[in-house]
Amino acid sequence: MAEKEKVVLAYSGGLDTSCCLKWLQVEKNLDVIAICGNVGQDEADLEYIKNKALECGAIASEAMDMREEYASKYLTKALAANGLYENTYPLLSALSRPLLSKHMVEAAHKYGAKYIAHGCTGKGNDQVRFETAIKALDPKLEILAPVRDWELHTREEEIDWAAEHGVPVKASKASPYSIDDNVWGRAIECGALENPWNEPPADIWTLSVDPENAPNEAEYVEIGFEKGVPCSLNGEEKSFLQIVMDLNVLAGKHGCGRIDMVENRLVGVKSRECYETPAAEVLIVAHKALETLCLDRETQHFKLNLEHQWSTTVYYGQWFSPLKNALDAFFAETQKFVTGTVKVKLYKGSCTVAGRTSEYSLYDYGLASYTAADTFDHKAAKGFIDLSALPFAVWAEKQGHEAQDL
Ligand code: ARG
């Protein structure tokens, strides 16, 4: 008998990807290799998930701890860019998909697979991210998206299909929400959230307490940065990954990091999404604060535009792209002196900067002070203003009387 073709499947152990695993065998006659990545999601019993894939008939199954790589190669770049899509969403799902894709492409090469498969629906951004990343890494690989193609329209139909085909499914009560999570936070959609008028139900939140029930005492945290990358927490040196994990607990305890937004998906739909990202919020707030000390005005202003571009590019799934590489190179240059410490105050859902310091600070006390220590040349201001306002003075003479909107 001819050898079967192989497919590498991004496998999470949930209902969708468990059905995918079987469907690829039954409907496509493929040998399946399951790849489960640990990016810090809640459901991270990788050994269990890996074995479950084998029970479902995978010919090979690998569990990979990708957290360190995620922090050092992905989150560092997200932080350098202060990455927030539509100025709000810290991109947690958009950041993990290219990493997972990279490992799937590597697995496809290792096992000699012709196909890669994912369990995304046809309506979301994640399918675009997986497929764009895979095409950018190896355009010869063919992509299969069973959930987009099969005729199972509801969760119940999927459960029935799983039972008919001997796919073990946890008999858990179906959550009304669709959740994606990793160390950079949690994304929650569907259920009552589909009506944007509904306040998010309390049961969607798991990383943060309700700010109303948060401690009455504020807590201060000090985050040390070295060239834009977090390197210490409250004076203790730690890896970036560890700082992220610690801050999720610390800031979550104070109800920080809750986001409720209506966002514009790449596929043209507006969707109501909630996010829970305690560490990401604290770190982006702190990093921006340190940049205000360490970046010169022109770079700081120019960078703001590029941050917006970077966030959109990454949201659109273009992690492995020339534009994203070029933007990263720009940000890397800006981070050379972003070294110092930021003090953040956590209090009942708010996360505010209480202080910042850096050995490379461009803040000059003599220039800024209104006290006797003042070193600023006040008289020089007149000539500066005369020239910078000159175009408007000329305009006033020639056209201003007619053109002024008074
Ligand atoms: N809307 C967010 C994004 O596109 C979150 C997606 C979450 N994915 C999920 N399968 N629930 O990045």
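Residues numbered from 1 in each chain as written. Predicted model: local features only at pLDDT ≥ 70, side-chain atom pairs only at ≥ 80, totals over all residues. Heavy atoms only, no water.

An unreviewed UniProt entry annotates the chain as Argininosuccinate synthase originating from Slackia isoflavoniconvertens. Reading the Subcellular location (unreviewed entry) entry of the UniProt record for the chain gives the comment "Cytoplasm". Word for word, the UniProt comment on the chain under Pathway (unreviewed entry) is "Amino-acid biosynthesis; L-arginine biosynthesis; L-arginine from L-ornithine and carbamoyl phosphate: step 2/3." (UniProt positions renumbered as here; feature names shortened; annotations may be inferred.)

Trainee: Would you mind going over the pairing of strand β14 (residues 350-357) in detail, with residue names and values included?
Mentor: Both faces of the sheet carry side chains from a regular strand, because those side chains alternate between them. Pairing of strand β13 (residues 340-347) with β14 involves seven bridges; the strand directions are antiparallel. Bridging from a neighbouring strand, Val342 pairs with Arg356 of β14. In this antiparallel pair of consecutive strands, β13 and β14, the connection spans two residues, and Lys348 shows a positive phi of 45 degrees. (Pairing = 2+ DSSP bridges. Helix = DSSP H or I, 4+ residues; strand = E, 2+ residues; numbered from the N terminus.)

Trainee: Please provide a residue-by-residue account of the site of the ligand, values included.
Mentor: As a structural note, the neighbourhood of the ligand is formed by 13 residues, with Tyr89, Asn125, Arg129, Glu263 and Glu273 the closest of them. Each residue belonging to the shell around the ligand can be placed in one class, and the counts come to four nonpolar, three polar and six charged. (Near = heavy atom within 4 Å. Nonpolar A, V, L, I, M, F, W, Y, C, P; charged D, E, K, R; others polar.)

Trainee: Describe the side chain of Asp180, with residues and values.
Mentor: Tracing the chain through its elements places Asp180 in strand β6 (residues 178-182). Asp180 gets classed as buried once you look at its relative accessible area, which sits at 19%. Within the local environment of Asp180, its side chain forms a polar contact with the side chain of Arg97, the two groups lying 3.0 Å apart. Aside from chain neighbours lying at most four places away, what touches Asp180 is Leu92, Ser93, Arg97, Gly185, Arg186 and Ala187. (Buried < 20%, exposed > 50% of the residue type's maximum accessible area, 1.4 Å probe, protein only. Polar contact = N/O pair within 3.5 Å; in protein donor to acceptor, adjacent residues only side chain to side chain. Contact = heavy atoms within 4.5 Å.)

Trainee: Any chance you could break down helix α8 (residues 240-252) for me, citing the residues and the numbers?
Mentor: Between the first and last C-alpha of α8 there are 18 Å, a value that for 13 residues agrees with the 18 Å anticipated at 1.5 Å per step. Burial of α8 is extensive: ten of the 13 residues sit out of reach of the surface. Among all positions of α8, only Phe240, Leu241, Ile243, Val244, Asp246, Leu247, Asn248, Leu250, Ala251 and Gly252 are buried. (Expected span 1.5 Å × (residues − 1).)

Trainee: Give a detailed account of the packing of helix α3 (residues 67-80) against helix α4 (residues 92-111), specifying residues and quantitative values.
Mentor: Look at α3 against α4: their axes get within 11 Å of each other, and the N-to-C directions meet at 135 degrees. With respect to their mutual orientation, α3 and α4 come out oblique. In this structure, α3 meets α4 at a crossing whose hand is right-handed. Of α4, the residues touching α3 (which contributes Glu69, Tyr70, Tyr74, Leu75 and Ala78) are Leu92, Leu95, Ser96, Pro98, Leu99, Lys102 and His103. (Axes fitted to C-alpha atoms, helices over the stretch in contact; angles between N-to-C directions. Parallel < 35°, antiparallel > 145°, perpendicular 65-115°, else oblique. Left-handed = near helix turned anticlockwise from the far one by under 90°.)

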